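Residues per chain, in single letters:
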Amino acid sequence: MATHFKGPILYSAAQKGLENLNIGVWPDQCVLWDDFVVEFDTGWTIIKDTGADVSIAADTVNGVAVITSTATTDNDGGSIQGNEIFQLPNVAGEMLYYETRIYVDSTSGSGAGQMDVWAGVCENFATNPEAGFLVDNRIGFALDDGSASLRLITEAGGTKKETVTDTTLDMVDGTYVTLGFTATKGAAVNGTDVVRFYRNKQLIGSHTTNIPTALMTPAAISVSGDATGTKSMGIDYILTASDRGVSYSLSP
């Protein structure tokens, strides 16, 4: 009897040497994956303030995109965003997935507590990086200037649900954190859409309100919160995927 898998297959080949190589291609999902190993894919749009830098770090293991503010300049930074191709599925039980691995840092030692940061999916924005904080539809993680605490955000039509996490989960300068969420379409009758948020693969919160259905794109934003030092955000990778809403009969 054939075995059917949904999602990545743990072992990709019978050869022992490849047994831990994951397979990430599943045609019934739309997938965007960027490990930032060579250069920015043509699908990314970069918006930055004059003097700020958004680039792939040279000679860095595993590939890292870095957003850096202009030195000793407040409210300065940059962003990357893709195209609006993702949204909450309309089939009950199907999901939108997102994960990234990031760090924040500062030459003054106050990056995590003195930055505005976004990591997640949102509507496209233009003009300047700060415009990404003002979109009406988004799901993801934020840092607000003056606090190192992660904020879990769902916002639909300009109405926001925000949860501030416990200080034990605060961002720390120069330390990578893996952030992710799943957004699941509720059942057709009396169902509730739900977003579950994860930090370092551990569930840290969930939202069942203000979950957007608009088209959104993966995005990362980093803006300095004071004029001391240089603020930066490193992005190891971004993965976004959604179920396509297709099904097939398994009958012969």
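Look a little higher up for the structure.
Remember, it's a predicted structure, so these values are computed and weren't measured experimentally.

Moving on, we get to the side chain of aspartate 236. Its place among the elements puts aspartate 236 in strand β15 (residues 231-243). Within the structure, aspartate 236 has its side chain in polar contact with the side chain of arginine 101 (distance 2.7 Å). The residues touching aspartate 236, leaving out its near neighbours within four places in the chain, are Asp35, Phe36, Asn62, Gly63, Val64, Arg101 and Tyr176.

Here the focus is the side chain of aspartate 76. With respect to the helices, strands and loops of the structure, aspartate 76 is situated in the loop between β4 (65-68) and β5 (77-81). Among buried Asp, Glu, Lys and Arg side chains, aspartate 76 stands out as unpaired, with lysine 48 the closest opposite charge at 8.5 Å. A distance of 2.6 Å separates a polar side-chain atom of aspartate 76 from the backbone nitrogen of threonine 70.

All right, on to the sheet that holds strand β2 (residues 45-48) then. Strand pairing in a sheet takes place through backbone hydrogen bonds and is either antiparallel or parallel in direction. Spatially, 7 strands are ordered β2-β5-β14-β7-β8-β9-β10 in an open sheet, and the strand pairing comes out antiparallel. Of all the strands in the sheet, just β2 and β10 (159-164) have a single pairing partner and so form its edges. On average, each strand axis in the sheet is inclined to that of its neighbour by 15°, with strand direction left out of account. Pairing between β2 and β5: 4 bridges, direction antiparallel. Among the inter-strand pairings, isoleucine 46 is bridged to a residue of β5, identified as isoleucine 80.

This part covers the layout of surface pockets. Estimates place the volume of the second largest pocket at around 200 Å³. Along its surface, the second largest pocket is lined by 15 residues, and Gln87, Leu88, Pro89, Asp243 and Arg244 are the ones closest to its centre.

Taken together, the 6 bridges between strand β11 (residues 177-184) and strand β12 (residues 194-199) define a ladder with antiparallel strand orientation. Across the sheet, residue glycine 180 finds its bridge partner in β12, namely tyrosine 198. Note that β12 and strand β13 (residues 202-207) share 5 bridges and pair antiparallel. By the bridge assignment for β13, arginine 196 is matched with serine 206. Between β12 and β13, which follow one another and run antiparallel, lie 2 residues, and asparagine 200 among them has a positive phi close to 50°.

Counted according to the given criterion, the structure contains 1 cavity of 30 Å³ or more. Approximately 40 Å³ is the volume found for the largest cavity. Taken together, Ile102, Val117, Trp118, Ala119, Phe141, Ala142, Leu143, Leu150, Met171 and Leu179 make up the full set of residues lining the largest cavity. The residue makeup of the lining of the largest cavity, split by class, is 10 nonpolar, no polar and no charged.

Right, let's talk about the packing of aromatic side chains for a bit. Applying the stated rule across the entire model yields 7 aromatic pairs. With 5.1 Å between their ring centres and 85° between their planes, tyrosine 103 and tyrosine 176 make a pair best called edge-to-face. Residue tyrosine 103 is found in strand β6 (residues 95-106), and its partner tyrosine 176 is found in the loop between β10 and β11; the two are separated by 73 residues along the sequence. The class for tyrosine 103 is buried, based on a relative accessible area of 17%. Their ring planes at 85° and their centres at 5.5 Å tell us that phenylalanine 141 and phenylalanine 197 sit as a pair that is edge-to-face.

About the criteria used
- Residues numbered from 1 in each chain as written.
- Predicted model: local features only at pLDDT ≥ 70, side-chain atom pairs only at ≥ 80, totals over all residues.
- Heavy atoms only, no water.
- Helix = DSSP H or I, 4+ residues; strand = E, 2+ residues; numbered from the N terminus.
- Polar contact = N/O pair within 3.5 Å; in protein donor to acceptor, adjacent residues only side chain to side chain.
- Contact = heavy atoms within 4.5 Å.
- Buried < 20%, exposed > 50% of the residue type's maximum accessible area, 1.4 Å probe, protein only.
- Lys, Arg positive; Asp, Glu negative; His and termini not counted.
- Salt bridge = Lys/Arg side-chain N within 4 Å of Asp/Glu carboxyl O.
- Pairing = 2+ DSSP bridges.
- Axes fitted to C-alpha atoms, helices over the stretch in contact; angles between N-to-C directions.
- 1 Å grid on protein atoms, 1.4 Å probe; cavity = no way out; pocket = protein on both sides within 12 Å on 5 of 7 lines; lining within 4 Å.
- Points joined across faces, edges and corners; volume = space filled by probe spheres on them.
- Nonpolar A, V, L, I, M, F, W, Y, C, P; charged D, E, K, R; others polar.
- Phe/Tyr/Trp six-rings, centres within 6.5 Å; stacked < 30°, edge-to-face > 60°.

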